[in-house]
Amino acid sequence: MIFQRNMAVSERITIRVNGRAHVLDVDPATPLLYVLSDDLELQGPKFGCGLSQCGACTVLVDGRAIRSCVRPVKAVVGTEITTLEGLGSVEEPHALQRAFIDEQAAQCGFCLSGVILTAKALLDNNPSATKHEIQEALSGVICRCFTHTRMIRAVMRYAREREGLR
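Residues numbered from 1 in each chain as written. Predicted model: local features only at pLDDT ≥ 70, side-chain atom pairs only at ≥ 80, totals over all residues. Heavy atoms only, no water.

(A) Main features of the nonpolar core. In terms of nonpolar packing, the biggest core is built from 27 residues, with Phe-100 and Val-155 touching the most fellow members. Going through the elements one at a time, α2 (84-87), α3 (95-102), α4 (112-125), α5 (131-138) and α6 (148-162) are the ones with two or more residues in this core. At eight residues, the largest contribution of residues to this core is made by α4. Setting aside anything within four residues of it in sequence, one finds Val-155 in contact with Leu-96, Phe-100, Ala-119, Leu-123, Ile-134 and Leu-138. Counting residues in hydrophobic clusters, the runner-up holds 16 residues, among them Val-17, Leu-32, Val-35 and Ile-66. (Core = buried A, V, L, I, M, F, W, Y, C linked by side-chain atoms within 4.5 Å. Buried < 20%, exposed > 50% of the residue type's maximum accessible area, 1.4 Å probe, protein only. Helix = DSSP H or I, 4+ residues; strand = E, 2+ residues; numbered from the N terminus. Contact = heavy atoms within 4.5 Å.)

Structural data, given as C-alpha cells:
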C-alpha cells in the first residue's frame, strides 16, 4: 500500500535527525520514511515493502531500531532520529561501517540501513552479544544479495574491536 500525502492537513512539526533540528510542514500521519527521503533527501533508509517486514527503511529512534515506513512522523517528535548517514561519513565512517567495508559485506546496499542500524542498536544494548544473538537480531532484515556471512563477520568484528579484543 502506498501512502498518499495529504497536504490539506499539514502541520508544522520539528524533528531531530542526525543531530540537527528540521522544521517541516507535513501531515502528521505521513510515514517517517517519506519525510526522511522526500523532504530531507536522505538516501540511507529505503522503501522496500512498506509493511515493516523487510527492514530497508530502518532508522534509530533514541537508539532503538525501528521501521520508518509504518511510523507516522508525529510519533517521533521529541526524539533523536539517526539514519545511516548520521553514523559516519565517507571520509570518516563509523567503526561499524568501517567493519562492513573491511569485510566487503555490502553488495547492492539496499538493506544496509536495516542491517547496520539493527546491529548497532543490538550491540549498544548488549555489547557482548553472541553470534546467535546477532543472527537472530538480523533475521528480520531481508538481503537478497546473499552476503549474510560477510555481514555477520563484519558485525562480530565491530563487536570485538569495540571491546578492544582485536
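(B) View of the environment of Leu-32. Positionally, Leu-32 belongs in helix α1 (residues 32-39). With 112 residues separating them along the chain, Leu-32 and Arg-144 place their C-alpha atoms 24 Å apart. Discounting chain neighbours no more than four positions away, the residues touching Leu-32 are Ile-15, Val-59, Ile-66, Ser-68, Arg-71, Pro-72, Val-73, Val-76 and Ile-81.

(C) Just the state of the cysteines, in detail. For the structure shown, the criterion picks out zero disulfides. There is no disulfide at Cys-108, and the cysteine sulfur nearest it, in Cys-145, is 3.6 Å away. On the basis of relative accessibility, which here comes to 55%, the residue Cys-108 falls in the exposed class. Between Cys-111, a cysteine without a disulfide, and Cys-143, which holds the nearest cysteine sulfur, the sulfur-to-sulfur distance is 3.8 Å. The buried category is assigned to Cys-111, whose relative accessible area is 7%. (Disulfide = S-S within 2.5 Å.)

(D) Quick peek at the pattern of salt bridges. Tallied over the entire structure, the rule returns nine salt bridges. Across the pair Glu-103 and Arg-153 runs a salt bridge, and its minimum N-O distance is 3.0 Å. On the criterion of sequence distance, the pair formed by Glu-103 in the loop between α3 and α4 and Arg-153 in helix α6 is long-range, its members being 50 residues apart. Glu-103 gets classed as buried once you look at its relative accessible area, which sits at 16%. For Arg-153, a relative accessible area of 40% translates into the label partly exposed. Between Arg-162 and Asp-124 there is a salt bridge, with the nearest N and O atoms lying 2.8 Å from each other. (Salt bridge = Lys/Arg side-chain N within 4 Å of Asp/Glu carboxyl O.)

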